[in-house]
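An overview of the molecular structure
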2 protein chains.
Amino acid sequence: MTKKHIQIIEKAEELFATQGYEGTTVRNIADAAGVNLAMISYYFGSKEKLLEALFMERMNATKHRIEAVVNNQSLTPFQKIETLIDEYITRVEEKEAFYKIMLSEQVINKNTVVMKLLKELKLTYARLISSVIEEGQKQKVFRKDVDIVLMLTTMTGTVMLMLINKDYYREFNNQKKLPNPVFEEQLSARLREHVKTIFKAHLGYES
Amino acid sequence: MTKKHIQIIEKAEELFATQGYEGTTVRNIADAAGVNLAMISYYFGSKEKLLEALFMERMNATKHRIEAVVNNQSLTPFQKIETLIDEYITRVEEKEAFYKIMLSEQVINKNTVVMKLLKELKLTYARLISSVIEEGQKQKVFRKDVDIVLMLTTMTGTVMLMLINKDYYREFNNQKKLPNPVFEEQLSARLREHVKTIFKAHLGYES
DNA sequence: AATTATTTCAAACAAATGTTTAATTTTGCT
DNA sequence: AGCAAAATTAAACATTTGTTTGAAATAATT
């Protein structure tokens, strides 16, 4: 991965998120990245492989960050869950564009390489969470019957749809005049609290 | 709206859901619907207007069904909320393809007609729910501080992402051998219970 | 400095795209 | 049956699509 690779991937990411994969042309990407049209094929082989390269790059980084939390011995199961929620929301905020592409690509369910990467990461993630929850169950702080995938779906679903519902959240709550950074900050805090509350209600006895 | 209109709209709906709007060609639609290529322009004006016609058709039906629940005088606020959750999940199950398109289109955020329709429906929905919740608050069965949009986002987010996560839910829970109708039935019941539990935990004192 | 490899470029490629045309067929009405 | 309106068709339209080409420029190696 050279600087040029990253430069192209980042611009492609923006465009795929705002126009969709099919709605973005290689000429769009080349223009945005300030490189010649032929460079995309030269560096990645094809438009499709560029998408796959983007997914590999982003998902690899994600995997490392998740494992760091789960393997952190100094955290209690409860703290691990809360940290994983915070980490997830932070990642989505940092890489909003990529998570939008992820969402769209999952709906279409077409690119087999991307779908395989996604499934693998999801199962890994669920298994890691599973180990944390079992840890908590042994310590009698978590309930016995926990539907992990359903809980994760609620977390990702809420965060993903908030990405889409931001404006409408703002309008409904009469926060149109609020400066954008302030609004984003407030929303982020509320969202974190909201997801954590849901998890607590479902996992623990103590809530 | 003639039978031909509906015939074309339904096939377009399937294709838009599985290939995306941009990934679907008018020739694809014409072939699937068994009509000549020129018929799409003849009946709808353009590919884009066909998408808009699909949204108008589906969202109009949705609006009527929601209002019927809210205006039903024989239901308590709690029953209304539960009915709205059930109705929503039923609608998504019935029109899976359309809800996938809705999701993709919201990510892209391009077609202004579609986005306007969506925003309108969402605000209407939130206001209706709001009135139900206020009703419940007067009767002291609901809490005072309820973030309606956040709750709705959790509901729609969970249901939308479950649409995408089905297979992976199945694999993680070792239900690969279960016949599909049985699995779908179980998942539907679990999902309804799950969303209702979340709502109860957030709305009521009694849970 | 010479030569080899890598990168960049404009141009061209065939295939596919949404839409329109103009002729033909079918339908509905008197 | 005769006629006007509506529906259907194959063909053509101009653009746009992803990808390739082969020459030119730049960088790296000897």
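Note that the coordinates shown come from a computational prediction; the quantities given were computed from them, not determined experimentally.

Criteria and cut-off values
Residues numbered from 1 in each chain as written. Chains lettered and ligands numbered in written order. Predicted model: local features only at pLDDT ≥ 70, side-chain atom pairs only at ≥ 80, totals over all residues. Heavy atoms only, no water. Contact = heavy atoms within 4.5 Å. Buried area = accessible area lost by both parts, 1.4 Å probe. Salt bridge = Lys/Arg side-chain N within 4 Å of Asp/Glu carboxyl O. Polar contact = N/O pair within 3.5 Å; in protein donor to acceptor, adjacent residues only side chain to side chain. Helix = DSSP H or I, 4+ residues; strand = E, 2+ residues; numbered from the N terminus. Nonpolar A, V, L, I, M, F, W, Y, C, P; charged D, E, K, R; others polar. Domains from an automatic or database assignment. Least-squares fit on C-alpha atoms with pLDDT ≥ 70 in both. 1 Å grid on protein atoms, 1.4 Å probe; cavity = no way out; pocket = protein on both sides within 12 Å on 5 of 7 lines; lining within 4 Å. Points joined across faces, edges and corners; volume = space filled by probe spheres on them. Buried < 20%, exposed > 50% of the residue type's maximum accessible area, 1.4 Å probe, protein only.

Next up on the list: the interface of chain B and chain A. Facing the 47 residues of chain B at the interface are 47 residues of chain A. Interface area lost by chain B to chain A is led by Val107(B), Tyr168(B) and Phe172(B), which between them contribute 16%. Taken together, the connections running from chain B to chain A amount to four salt bridges. Ionic pairing is found between Asp147(A) and Arg190(B), a salt bridge with its closest N-O pair at 2.8 Å. Here chain B is connected to chain A by 15 residue pairs in polar contact (both at pLDDT 80 or more). Looking at the side of chain B that touches chain A, the elements with two or more residues in it are α1 (3-19), α6 (96-108), α7 (112-138), α8 (148-172) and α9 (180-203) of chain B. In terms of residue class, the side of chain B that touches chain A is made up of 21 nonpolar, 17 polar and nine charged.

So, on to the domain arrangement of chain A. All names here are of chain A. The domain architecture assigned to chain A consists of domain 1 (1-45) and domain 2 (52-203). A C-alpha centroid distance of 27 Å is found between domain 1 and domain 2. Contacts between the two partners involve nine residues from domain 1 and, on the opposite side, eleven residues from domain 2. Buried area between domain 1 and domain 2, both sides added, is near 770 Å², and the carbon and sulfur share of it is 68%. The largest share of the area that domain 1 buries against domain 2 comes from Ile9, Glu13 and Ala17, three residues that together contribute 57% of it. On the surface where domain 1 and domain 2 come into contact, there are two salt bridges. For Arg58, the salt bridge is made with Glu13, and the minimal N-O distance between the two is 2.8 Å.

Mapping between the two chain copies consists of a rotation about an axis together with a translation along that axis. For the match of chain B to chain A, the screw axis carries a shift of 0.0 Å, the RMSD comes to 0.0 Å, and the turn is 180°. Between the two chains, the operation in question is that of a two-fold axis. Of the C-alpha atoms belonging to chain B, the one lying closest to the rotation axis is found on Gly157(B), 1.9 Å away. Mapped onto chain A, 100% of the interface residues of chain B are again interface residues, and the two copies thus contact each other with one and the same surface.

To continue, consider the layout of surface pockets. Approximately 1100 Å³ is the volume found for the largest pocket. Around the largest pocket sit 33 residues that line it, and Thr197(A), Ala201(A), His202(A), Ala201(B) and His202(B) are the ones nearest its centre. The set of elements that each furnish at least two residues to the lining of the largest pocket consists of α8 (148-172) and α9 (180-203) of chain A together with α8 and α9 of chain B. When its residues are assigned to classes, the lining of the largest pocket shows ten nonpolar, eleven polar and twelve charged.

Moving on: the pattern of salt bridges. Applying the stated criterion across every chain, the model contains 32 salt bridges over all chains. Note that Lys80(B) and Glu135(B) form a salt bridge whose closest N and O atoms lie 3.3 Å from each other. With Lys80(B) in helix α5 (residues 77-94) and Glu135(B) in helix α7, this residue pair connects regions lying 55 residues apart in the sequence. By relative accessible area, which is 6% here, Lys80(B) ends up buried. By sharing partners, the salt bridges in this structure join Arg65(A), Glu87(A), Arg91(A) and Glu94(A) into a single network.

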